Amino acid sequence: MRTLLIVNPNATSTTRSTRDLLAHALESRTQLTVRHTEHRGHAAELARWAADARMDLIVVHGGDGTVNETINGFLPLPGETQREWLPRLGIIPGGSANVFARSLGIEPDPVTATNQLIDLVADAADRRIGLGVADDRWFCFSAGVGLDADVCEAIDAKRANGKAATPARYLRTTVRQFFRAKRHAPHVRLDIPGHEPVTDVHYAFVTNASPWTYLDNTPVVTNPGTAFESGLGVFAMRTMDVLPTLMVARQLLSADADPKGHKLFREDDVPAVTITAEEPIGLQIDGDFIGRRNMVNFTAVPDILDVVAPKP
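Only a predicted model underlies this, so the values are computations on that prediction, with no experimental measurement involved.

K.L.:
Honestly, the environment of E27 in this entry has me stumped. Any pointers?
P.N.:
Note on placement: E27 falls in helix 1 (residues 16-27). With a relative accessible area of 53%, E27 lands in the exposed category.

K.L.:
Hey, could you run me through the packing of aromatic side chains in this one?
P.N.:
Working definition: an aromatic ring pair is given by the centre-to-centre distance plus the angle between the planes. Per the stated rule, a full pass over the model turns up six aromatic pairs. Here F139 and F298 contribute two aromatic rings whose centre-to-centre distance is 6.1 Å and whose plane-to-plane angle is 85°, an arrangement assigned as edge-to-face. Of this pair, F139 sits in strand 6 (residues 137-139) while F298 sits in strand 16 (residues 288-307), and the two are 159 residues apart along the sequence. A single burial state applies to F139 and to F298, both of which are buried. Relative to F205, the ring of Y203 has its centre 5.7 Å away and its plane inclined at 40°; by these criteria the two rings are tilted. Of the two residues, Y203 and F205, neither departs from the other in class, the shared state being buried. One Lys or Arg, R102, reaches over the ring of Y214 and ends 3.8 Å from the middle of that ring.

K.L.:
How should the UniProt feature "domain: DAGKc" (unreviewed entry) in the protein chain be read in this particular structure?
P.N.:
UniProt's entry tags residues 1-144 with the feature "domain: DAGKc" (unreviewed entry), counted in the numbering of this structure. Helix makes up 36% of residues 1-144 and strand 26%, with an end-to-end C-alpha separation of 37 Å.

K.L.:
Would you take a moment to explain the side chain of S142 for this structure?
P.N.:
Within the secondary structure, S142 sits in strand 7 (residues 142-145). Since its relative accessible area comes to 2%, S142 is described here as buried. In this structure the side chain of S142 is engaged in a polar contact, spanning 3.2 Å, whose partner is the side chain of W212. Apart from the residues lying within four places of it in its own chain, the contact partners of S142 are V206, T207, W212, Q284, I285 and D286.

K.L.:
Got a minute to help me understand helix 1 in this structure?
P.N.:
Given 3.6 residues per turn, any residue in an α-helix points the same way as the ones three and four places further on. Counted at 1.5 Å a residue, the expected span for helix 1 with its twelve residues is 16 Å, and the 16 Å between its end C-alpha atoms agrees. Within helix 1, burial applies to T18, R19, L22, A23, A25 and L26. Down the axis of helix 1, the sector holding all buried residues measures 165°, keeping them to one side. Residues of helix 1 that are exposed and point over 90 degrees away from its buried face: R16, S17, H24 and E27. For helix 1, the secondary structure elements touched by its buried residues are strand 1 (2-7), strand 2 (31-36), strand 3 (57-62), strand 4 (88-93) and helix 5 (110-122).

K.L.:
Could you clarify how one ought to interpret the nonpolar core in this entry?
P.N.:
A general trend in soluble globular proteins is that nonpolar side chains are found buried together. Membership of the largest hydrophobic core comes to 54 residues, with the highest contact counts inside it found for I71, L89, F100, L104, W138 and L305. Here this core gathers at least three residues from each of two domains, domain 1 (2-124) and domain 2 (139-301). If sequence neighbours within four positions are ignored, F100 has contacts with D64, V67, I71, L89, I91, I129, C140, F141 and F228. Ranked by size, the runner-up nonpolar core spans 25 residues in total, among them F139, V201, A236 and I285.

K.L.:
Which parts of the structure should I look at to understand the side chain of T114?
P.N.:
Position of T114 among the secondary structure elements: in helix 5. You can call T114 buried: its relative accessible area is 2%. When neighbours within four sequence positions are excluded, T114 is seen to be in contact with L22, A25 and I92.

K.L.:
What is the right way to read the pattern of salt bridges from this model?
P.N.:
Opposite charge on two side chains permits pairing when their charged atoms draw close. For the structure on display, the rule yields eleven salt bridges. As a salt-bridge pair, R292 and D150 come within 3.8 Å of each other at their nearest N and O atoms. Residue R292 is found in strand 16, and its partner D150 is found in helix 6 (residues 147-160); the two are separated by 142 residues along the sequence. What makes R292 partly exposed here is its relative accessible area of 44%. D150 sits in the buried class, given a relative accessible area of 18%. Beyond isolated ion pairs, a larger network of salt bridges with shared partners links D258, K260, R266 and D268.

K.L.:
Sorry if this is basic, but what is going on with the packing of helix 1 against helix 5 here?
P.N.:
Between two packed helices, both the angle of their axes relative to each other and the distance between the axes serve to describe the pair. Interhelical geometry of helix 1 versus helix 5 gives an angle of 10° and a closest axis separation of 10 Å. Taken together, the axis directions place helix 1 and helix 5 in an arrangement best described as roughly parallel. Between helix 1 and helix 5, the contacting residues are T18, L21, L22, A25 and L26 on the first element and P110, V111, T114, L117 and I118 on the second. Classifying every residue of the contact of helix 1 with helix 5 by side-chain character gives eight nonpolar, two polar and no charged.

K.L.:
Teacher, can you tell me more about the domain arrangement of the protein chain here?
P.N.:
It is common to give the size of an interface as the accessible area lost on bringing the parts into contact. We note that the domain assignment places domain 1 (2-124) and domain 2 (139-301) within the protein chain. Distance between the C-alpha centres of domain 1 and domain 2: 27 Å. If you look at the interface, domain 1 gives twelve residues, while domain 2 gives 18 residues. In total, about 1,200 Å² of surface goes out of reach between domain 1 and domain 2, with carbon and sulfur atoms giving 60% of it. Looking at the side of domain 1 facing domain 2, the largest losses of area belong to V99, R102 and S103, adding up to 38% of the total buried there. Summed over the shared surface of domain 1 and domain 2, the result is zero salt bridges. Linking domain 1 with domain 2 are three residue pairs in polar contact (both at pLDDT 80 or more). Among the secondary structure elements, those contributing two or more residues to the side of domain 1 that touches domain 2 are helix 3 (64-74) and helix 4 (99-103).

What counts and what doesn't
- Residues numbered from 1 in each chain as written.
- Predicted model: local features only at pLDDT ≥ 70, side-chain atom pairs only at ≥ 80, totals over all residues.
- Heavy atoms only, no water.
- Helix = DSSP H or I, 4+ residues; strand = E, 2+ residues; numbered from the N terminus.
- Buried < 20%, exposed > 50% of the residue type's maximum accessible area, 1.4 Å probe, protein only.
- Phe/Tyr/Trp six-rings, centres within 6.5 Å; stacked < 30°, edge-to-face > 60°.
- Lys NZ or Arg CZ within 6 Å of the ring centre and 35° of its normal.
- UniProt positions renumbered as here; feature names shortened; annotations may be inferred.
- Polar contact = N/O pair within 3.5 Å; in protein donor to acceptor, adjacent residues only side chain to side chain.
- Contact = heavy atoms within 4.5 Å.
- Expected span 1.5 Å × (residues − 1).
- Arc of directions from axis to C-beta.
- Core = buried A, V, L, I, M, F, W, Y, C linked by side-chain atoms within 4.5 Å.
- Domains from an automatic or database assignment.
- Salt bridge = Lys/Arg side-chain N within 4 Å of Asp/Glu carboxyl O.
- Axes fitted to C-alpha atoms, helices over the stretch in contact; angles between N-to-C directions.
- Parallel < 35°, antiparallel > 145°, perpendicular 65-115°, else oblique.
- Nonpolar A, V, L, I, M, F, W, Y, C, P; charged D, E, K, R; others polar.
- Buried area = accessible area lost by both parts, 1.4 Å probe.

What follows is the structure, given as structure tokens:
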């Protein structure tokens, strides 16, 4: 088996000892090539090279952003020329949240996850999952417009200044961005096949799995019926009032989360959704701020990616 190990040495929780352990474990069982990312977009370039070289497995040791970049590097979008050969994908968590890996049942501790990966590879245990598309980009677990995109933009700026993306910093930033956005009128609309248009929306999340994210070790669940084997989940808030927002937030953190509310629109299994905004609105994909747009088309693509992960 020919394997490419992509390591983001700047990811939050990657360490030299973990990288050495992972490389040693893979090298003893596969024909291994190790590459470290050196700039933004490098993981995509490396993944494209691995697919062109018909390598069997790409293992990513990094955060959600590095995983997303890797997938977008080697997996053609719907409508593009499809490859004759696609590698499988393995993940060793190395970021701050590692939402995609944890949602797949991959152990959060990198050392434990390395042993888990080796066992799964030895057993030829693969899992085929669906992904989401936001216009011209794959997303693994979550995309969103409005509030969470603003939070991701602010966190990216803090990272650029050398500040770690800790759960406490995410929480503080979310509260700060919420009260900033509270001053603005709703100007977002959702169009879902088979549904009446959803208007007067302040912000919306589109998910490909559950949970939506993690607050440290606590899952935050917006769409409990959404899974990698189903369509997309849509969660849209039509209020910025503090009391109803707190009531919904409490539901998101409960052990048996099933969020409901008079000003909440939620569907857990839709094939597509188009989000439009009267003014350009922020877009985040898998935790990375992408930019501002007036329209984004989200589509579910089933059974598209082979991952080395436990069965659901």
